[in-house]
Amino acid sequence: MNIPKKWVGRGVALVTGGSAIATVVLVLVVIGIVVQGGWGHLTRDFLLGSPEQGMTKGGIFPAIFGTFLLVTLMSLAGVPVGTITAIYLNEYVGQQSKAGRAIRFAVNTLAGIPAIVFGLFGLGFFINFVGGGADKVLHGGALHWGQPNILWASLTMALLTLPVVIVSVEEAIKTVPRELREGSLALGATRLETIWKVVLPQSMTGILTGAILAISRGAGEVAPILFTGAAYFLPNLPDGLTDQFMELGYHIYIMSTQSVDVEATKPIQFATTLVLLILTFTLNFSAIFLRWHLRGRALR
Amino acid sequence: MKRRIRIGEFLIEKGIATVAFASLGAIVLIFLFVFREAMPIFAMAPESLSGGHESISATGAATVGVSASYGDPVGEPETYGDPPADTSRSGSPAAIDPAAPTTPPTPSTTGEPAGSVLSQILSGNWQPVGDHPKFGILPLVAGSIKVALIAILIAAPVGVFAALFTSTFAPRWAKEAMKPIIEIMAGIPSVVIGFFALTILASLVQTVFGLDYRLNALVGGIAMSMAVIPLIYTLSEDSLSAVPKHFTEGSLALGAPLWETNLRVVLPAAIPGIFAGVLLGLGRAIGETMIVLMATGNAALLSPSLVEPVRTVSASIGAEMAEVVFGDPHYVMLFVLGSLLFCISFALNAVAEIFIRQRLMAKFGGAS
C-alpha cells in the first residue's frame, strides 16, 4: 500500500467531483427527457381540453383545474394557521420555553411523517369521523360529507404542508430588526399592535414564500389524495366542496399505470408530466427569488 | 374604552396561542386516528385474518420460528445510516433486517388470541383479496427494506461526496452552478420520478443487467435514491459549511494537503449532521409511496432476490386502500401498516433530532 499521497488526493477530488457532476447530470437528463417527450404535445387544445375516448385522446384541463382548486383551498386553510404559529413561536414564547419546544417538536415530526400516513389520517379523521359524524347529524346517515371529496383532500394537504409554511414565515420574522419592535413598543403600542402593524407587514415576503413553497409541495404530492378525493375521470368540473376532482400528479399515475393503452398515451403522459414540472419549477423559482430578496434585506 | 381594547387583545392573543398549538394537536390526532382504526386488530379472531382453519396450523407453525428470530428488540435504527454496517448487510440481502420494528405495538397481556393474530401478521403471505385472505406483512416489510437499503446505499455516498465537493473542493463558480441544480432536484415531485423510473429507467436497467422483470426492487431503489440524494446533500452541505473556518486553516497551516484536511478534519467535524441527513433520508425512502407504487412491480413476494418485483408497505396502502370496505379486516390491516410507518418515521426523526441538537451544542460549546 504505497500509493503516493498525491494520487490519493486526486482520487478523492475525482470521486467527490464525480458524485456532484453525476447528480447534476442526472437532474438535467430527467428534465431533458420529460421536456423532449412532452414539448411537442403541449398545445392549446391539450391544456384547455377534456380527456376524450376513454382518456386516450384530448386534454387535461380538468386535472389542471382540480390541482388549482386543491392548492387554493389548501392555502386558505394552511397559510393562516402556519403564519399564526410562526408568530406565536417567535413573538410570544422563547426558544427554550416548554410550549415553544413542544410546538417545534410537533412541527418537525409533522414534516417527517410519510405522505401516505397523512392520507390514512384524512380517511380516518376527516372522511370517517368528521364527515361521517356530520352526515349522521345533518343527513340522518345518508352519505354526503362522509366520502372522499376536494374539501377533505385540501385539508389533508394543508396539514402536510403546514411545516413548510411555518419554517418560511419564521425565517422572515427573524429578519425583522429588533429595534423596530422596540421602537413600536416604546411609542406605547401594545404587543399585538406591534405584531399587526410592524412585524407582519415586514414579513409579507416570507409569508408569500411560505405559501408558494407549500403550493409547490402540495401540487406535487399524490399519496395523500389517492383515497381522500382524487378521481380517475370526471365528465364535469367540481362545483362544490363535496365533489371529487382530477389532479395532475394523480393523472400521471393513472395514465402511466392503469390506462387502457399505456403505449399509445405516452405523449399525453409526458406532456402532463411536463406541465406538472413547469408548475412546480415556476413556483420554486419564485420562492427562491423572493428568499434571495429577503436575504438581501436582512444584510442591509 | 381603553380597557375594552385590552380585553379584545387578550382574547386575540389567546386565540393565537390556541392556533399555534394546532400542529401539536394535529400530531396527537394523527397518532390517535391512525392507531384507532388499526386497533380492532387486537380484538379480531385469528380466523378473520386467515381464511380456512386448515391453513392456520400450517402458517402458525411456520411463523413460530420466524417470530422468534424476529423478536429482536426494536432498536438501533441508527445503524442503518452507518456506511460500513450497510456494506456488510448488502452482502447478505436475504436477511430481512430485524432492526425494523415488524411488530405492531402489542400489549403482552392480550393472551392467546392476540398471539395467534400476531403469528398471522408475521406470516409470509400477503393475499388480502379472495375467499381466504392472508395478511402476512413480512413480504411487504422485506420489500420496503430492500428498496430503502438500495436507495440509501446509492444516495448516502453520492449525496455526502457531492456535498463535500461543493462545500470544500469546488471552485466558487462550480459551487454556485451546482448547488442550485441539486437543490432543484428536491423540487421534482415524486410522481415525476416514479414516471421517469417506469418509462425510462426500468428499460435501461433491464437492458444493462439483463433482467427477467422490468419492474423490480433495484429499479425502485435507484429511483428512490433520486428522491433521497437532495435531502442528504442539503443536510450534509449545511453541516459541512458550518464547520468553523479555523479548523481548515489550522490544518492547512500544519502542512496537510487540502484533500487530507477536507477528509480528516472537515468531514469528521460534520459527521453528526451528515448522519442525521442519512437517517432522514432513510425515513423518506421507507415512507415514500408514489415511486415504489409505480416502479417496483408491486408483487408481494418474499424472496432474497433484489431483481424481482416487490411490494412495499407504503405501496400496499396506496394501491389497496381505495378498494377496501370500511371496517373490514383488510381495512384494519392497512391502518396497522400505516401505524408501522408512523412509528418508523417518528423514531428515525427523533434520533436524527438528537444528532442535530448535539451538533448545535458542540458548535455553541466550542464558540464560548
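Residues numbered from 1 in each chain as written. Chains lettered and ligands numbered in written order. Predicted model: local features only at pLDDT ≥ 70, side-chain atom pairs only at ≥ 80, totals over all residues.

Quick look at the overall build of chain A
Moving on, step 1. Within chain A one finds 11 helices and two strands.
Moving on, step 2. Reading chain A from its N terminus to its C terminus gives the helix and strand order α-α-β-β-α-α-α-α-α-α-α-α-α.
Moving on, step 3. Considering only C-alpha atoms, chain A reaches an extent of 80 × 70 × 40 Å along its principal axes.
Moving on, step 4. Across chain A, every contact between residues at least 6 apart in sequence was considered, and the portion connecting residues at least 24 apart equals 76%. (Helix = DSSP H or I, 4+ residues; strand = E, 2+ residues; numbered from the N terminus. Contact = placed C-beta atoms within 7 Å.)

Description of the overall build of chain B
Moving on, step 1. Secondary structure assignment for chain B yields 16 helices and two strands.
Moving on, step 2. Put simply, chain B has 368 residues, and 47% of those count as buried. (Buried ≥ 20, exposed ≤ 12 C-beta atoms within 10 Å, placed from the backbone.)

Describing the packing of helix α8 (residues 138-169) of chain B against helix α15 (residues 313-320) of chain B
In a pair of packed helices, the angle between the axes and the distance between the axes together describe the arrangement.
All names here are of chain B.
Moving on, step 1. The contact between α8 and α15 brings their axes to 7 Å, and the two run at 120°. Viewed along their axes, α8 and α15 adopt a mutual orientation that is oblique. Between α8 and α15, the residues in contact are Leu140, Val141 and Ser144 and Val313, Ser314 and Ser316, respectively. (Axes fitted to C-alpha atoms, helices over the stretch in contact; angles between N-to-C directions. Parallel < 35°, antiparallel > 145°, perpendicular 65-115°, else oblique.)

A word on the interface of chain B and chain A
Moving on, step 1. Across the contact, 67 residues belong to chain B and 65 residues belong to chain A.
Moving on, step 2. When residues in the side of chain B that touches chain A are grouped by element, the largest group, 11 residues, is from helix α2 (residues 22-38) of chain B.
Moving on, step 3. Looking at side-chain class alone, the side of chain B that touches chain A contains 49 nonpolar, 12 polar and six charged residues. (Nonpolar A, V, L, I, M, F, W, Y, C, P; charged D, E, K, R; others polar.)

Notes on the packing of helix α10 (residues 190-209) of chain B against helix α11 (residues 217-241) of chain B
Residues and elements named next belong to chain B.
Moving on, step 1. At their nearest, the axes of α10 and α11 sit 9 Å apart, and the two run at 140° to each other. Put simply, α10 runs oblique to α11. Helix-helix and strand crossings are classified by hand; for α10 and α11 the assignment is right-handed. In this structure, α10 uses Ser190, Ile193, Gly194, Ala197, Leu201, Ala202 and Val205 to contact α11, whose residues at the interface are Leu218, Val219, Ile222, Ala223, Met226 and Ala227.
Moving on, step 2. Looking at the contact of α10 with α11, its residues break down into 11 nonpolar, two polar and no charged. (Left-handed = near helix turned anticlockwise from the far one by under 90°.)

What about the environment of Thr209 of chain A?
Residue and element names in this part refer to chain A.
Moving on, step 1. Mapped onto the elements of the fold, Thr209 is located in helix α9 (residues 204-220).
Moving on, step 2. Taking the C-alpha atoms as reference points, Thr209 and Leu47, separated by 162 residues in sequence, lie 27 Å from one another.
Moving on, step 3. Setting aside residues no more than four positions away along its own chain, Thr209 makes contact with Ser168, Ala287, Leu290 and Arg291.

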